[in-house]
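These are the residues of each chain, in order.
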Amino acid sequence: MTVQARVLTGVLLLAVVIATLVHLLTPDAVDEPGRDGVLELVIENYRFEPASFRIPAEEPVSLVFVNTDDHNHGVTLGRGVVEEGGRPVRFEECMFQHLDATTVPQGALIAPSEAVPCTTLSIGPNQTVTLEFTAPEQTVGTWRLGCFTGPGCDYRVALSGEMTVTSAETP
Ligand SMILES: [Cu+2]
């Protein structure tokens, strides 16, 4: 090895070490909508990606759900998971009751029923549905996203995520 080659190897190794350290020391960035209010959520293999994100209160947001699974998911937002027979079946508090939400395409929201007491966003196989709403200040806090209904979906192990609404009043 020539001296030049050794120096070059040393510099490259140092660069790798620095890059690794920077990566390890940087806290995971929290996903949030861009300036246009749009955040894409990919559903793949019963998982949301990102599984955790935050949105600002009192600002219009568009959550673009891209379902890459080949079956329907019924996604709802809420908190307090209710179990029946040891199985999570629904949320105790439904977030949609606080929202004036619309979808693109229209009509993807299914009104609450006795079986499914929270409004549900129906997303067909390989379909993309955009959910548009402005979270009021009263919804500040952490909410869960989940599907309790699709084939193979079990809230506990699959298709659950977390959305935090941040206050418009804090700096
Ligand atoms: Cu599902």
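This text follows the structure it describes.
None of the values given here were measured: they were computed from a predicted structure.

Draft legend 1. Structural detail: the environment of Ala108. Within the secondary structure, Ala108 is located in the loop between β7 (102–104) and β8 (109–110). Taking the relative accessible area as the measure of exposure, Ala108 reaches 9% and is therefore buried. Residues Ala108 and Leu131 lie 23 residues apart in sequence; the distance between their C-alpha atoms is 8.7 Å.

Draft legend 2. Here's a closer look at the sheet that holds strand β1 (residues 38–44). With respect to topology, 5 strands assemble into an open sheet ordered β2-β1-β4-β10-β7, the strand pairing being mixed. Since the sheet does not close on itself, it has two edges, and those belong to β2 (47–49) and β7, each with one partner. Within this sheet the neighbouring strands show an average axis-to-axis angle of 25°, counted without direction.

Draft legend 3. Geometry of the nonpolar core. In terms of nonpolar packing, the biggest core is built from 27 residues, with Ile55, Leu63, Phe65, Phe133, Leu145 and Met163 touching the most fellow members. Those elements that place two or more of their residues in this core are β1, β3 (52–56), β4 (60–67), β5 (73–84), β9 (120–123), β10 (128–134), β11 (141–147) and β12 (160–166). Sequence-distant contacts of Leu63, defined by excluding residues within four places in its chain, comprise Leu39, Leu41, Phe53, Ile55, Val129, Thr130, Leu131, Phe133 and Met163.

Draft legend 4. Layout of the pairing of β9. Where β5 lies against β9, 3 bridges are found, and the strand directions are antiparallel. Directly across from Val75, in β9, lies its bridge partner Leu121. As judged from the 2 bridges shared by β8 and β9, these two strands associate in the antiparallel manner. Opposite Leu109, over in β9, you have Leu121 as the bridge partner.

Draft legend 5. Geometry of the pattern of salt bridges. Using the criterion set out here, one finds 4 salt bridges in the structure. The residue Arg90 makes a salt bridge to Glu84 at a minimum N-O spacing of 3.8 Å. Put simply, Glu162 and Arg144 hold a salt bridge, and the shortest N to O gap is 3.3 Å. Taken as a pair, Glu162 in strand β12 and Arg144 in strand β11 lie far apart in primary sequence, 18 residues in all. Given the relative accessible area of 29%, Glu162 is considered partly exposed. A relative accessible area of 26% means that Arg144 is categorised as partly exposed.

Draft legend 6. The layout of surface pockets, seen in detail. Space inside the largest pocket adds up to approximately 170 Å³. Lining the largest pocket are Glu32, Pro33, Gly34, Arg35, Gly37, Arg54, Ile55, Pro56, Glu59, Pro60, Val61 and Thr166. Counting residues per element, the ones that place at least two in the lining of the largest pocket are β3 and β4. Sort the elements by how many residues they give to the lining of the largest pocket and β3 lands first, with 3 residues.

What counts as what
- Residues numbered from 1 in each chain as written.
- Predicted model: local features only at pLDDT ≥ 70, side-chain atom pairs only at ≥ 80, totals over all residues.
- Heavy atoms only, no water.
- Helix = DSSP H or I, 4+ residues; strand = E, 2+ residues; numbered from the N terminus.
- Buried < 20%, exposed > 50% of the residue type's maximum accessible area, 1.4 Å probe, protein only.
- Pairing = 2+ DSSP bridges.
- Axes fitted to C-alpha atoms, helices over the stretch in contact; angles between N-to-C directions.
- Core = buried A, V, L, I, M, F, W, Y, C linked by side-chain atoms within 4.5 Å.
- Contact = heavy atoms within 4.5 Å.
- Salt bridge = Lys/Arg side-chain N within 4 Å of Asp/Glu carboxyl O.
- 1 Å grid on protein atoms, 1.4 Å probe; cavity = no way out; pocket = protein on both sides within 12 Å on 5 of 7 lines; lining within 4 Å.
- Points joined across faces, edges and corners; volume = space filled by probe spheres on them.

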